[in-house]
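Residues per chain are reported as follows:
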Amino acid sequence: MFGFRKKGVGIDLGTANTNVYVEGKGIVLGEPSVVAKDKTNDEVVSVGEDAQKMIGRTPGSIVALRPMKDGVIADFDITAAMLEYFITKAVGKRGSKPEVVVCVPGGGTEVEKRAVIDAAKMAGAKDAYLIEEPFAAAIGAGLPVNEPTGSMVVDIGGGTTDVATISLGGIVSSRTIKMAGDQMDLSIIQYIRNKYNLLIGERTAEAVKMELGSASIEAASDMGTMDIRGRDLLTGLPKTISIPASDVAEAIREVIESILHAVKGTLEDTSPEISADVIDRGIVLTGGGAMLKHLSDVIAEETDVPVFVASNPLDCVAVGTGEALNHMNIYRKQSR
């Protein structure tokens, strides 16, 4: 029998979403990083979009959870099961095992990185290699990462925000903070609970962020209101309220300030030559958080540097991880 060689696979293993890139095909899959399992026997019930729909709506015997937290593996076995599902769905079961490149946040420990490699191999990968998230994001955004010129990327995902300056194929300076999209959602939940005595769920908070979220409290004052439903903490009954965009901006202000601090700190750690390049080329925003209204304006105002949102910011990391498949020989040499 002739063996069938599987295409290389690039995986953007995110806290909130996982995107899978197959060599020669591009991004073939993008689903929430959620797994539903039966607590009575620990068996996986569903993964991805189907599991996402179960959050907050499961019976007592089933729990829907995210096995990734703040960009790292929180539940090894469930992460391996999730990866196996995504890899199989992307390339099928036929033929040999694929080589996989997985994207991880910058600044991770060796233990955290080893856990990702082990989980990928348990999920069916022949070999697994890692690429840091800001570097992958820069590749996916089309920045000249291998040239002797400085570029700067801010990747705002679900669990982490990665900020990095890049030149000559490497990261020159970087910061990784656990303040990103998920923390914005939690901050919105807490703010509405404290101000309105209303309890809302994560999915409602995310919808509020996407509809009314703004990095600027001043600009949010002209963005209108939104009706949201939750449970009144005083009566225990369902309740609908209308909240203004300025409340949402106030709720996420601390997260925005943390991101600004990380950006400025990374610039301070950068050489004058690369800083000059960044001023000429600007800062590029990627990730789901890049779509937050007025964020590019706020960063530009704080840093006096032009700021641009990448085209298709949600896909930049996955595309960059996929592009890394073209350089598998380098990863193989590095792993020896």
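Before going into details, it helps to say that this report is about the structure given with it. (Residues numbered from 1 in each chain as written. Predicted model: local features only at pLDDT ≥ 70, side-chain atom pairs only at ≥ 80, totals over all residues. Heavy atoms only, no water.)

## Looking at the overall build of the chain
And then number 1: Scanning the chain from terminus to terminus reveals 13 helices and 18 strands.
And then number 2: The C-alpha radius of gyration of the chain comes to 21 Å, within 12% of the 20 Å expected for a compact globule of 336 residues.
And then number 3: Referenced to the eigenvectors of the C-alpha coordinate spread, the extents of the chain come out at roughly 65 × 60 × 30 Å.
And then number 4: Out of the 336 residues in the chain, the part that is buried amounts to 49%. (Helix = DSSP H or I, 4+ residues; strand = E, 2+ residues; numbered from the N terminus. Rg over C-alpha atoms; globule rule 2.2 N^0.38 Å. Buried < 20%, exposed > 50% of the residue type's maximum accessible area, 1.4 Å probe, protein only.)

## Looking at the state of the cysteines
And then number 1: Scanning the model with the defined rule gives zero disulfides in all.
And then number 2: In this structure Cys103 is a free cysteine whose sulfur lies 11 Å from that of Cys316, the closest cysteine sulfur available.
And then number 3: Taking relative accessible area as the criterion, Cys103 reaches 1% and is therefore assigned buried. (Disulfide = S-S within 2.5 Å.)

## Some words on the packing of aromatic side chains
And then number 1: Inspection of every chain in the model, using the stated rule, returns one aromatic pair.
And then number 2: Residues Tyr85 and Phe86 carry aromatic rings whose centres are separated by 5.5 Å and whose planes lie at 65° to one another, so their mutual orientation is edge-to-face.
And then number 3: With a relative accessible area of 0%, Phe86 lands in the buried category. (Phe/Tyr/Trp six-rings, centres within 6.5 Å; stacked < 30°, edge-to-face > 60°.)

## Here's the deal with the packing of helix α2 (residues 76-91) against helix α3 (residues 110-122)
And then number 1: Where α2 contacts α3, the axes come no closer than 8 Å and their chain directions differ by 50°. As the angle between them shows, α2 and α3 are arranged oblique. Note that α2 runs across α3; the crossing there is right-handed. Two secondary-structure elements touch here, α2 through Phe76, Thr79, Ala80 and Leu83 and α3 through Ala115, Asp118, Ala119, Ala120 and Met122. (Axes fitted to C-alpha atoms, helices over the stretch in contact; angles between N-to-C directions. Parallel < 35°, antiparallel > 145°, perpendicular 65-115°, else oblique. Left-handed = near helix turned anticlockwise from the far one by under 90°. Contact = heavy atoms within 4.5 Å.)

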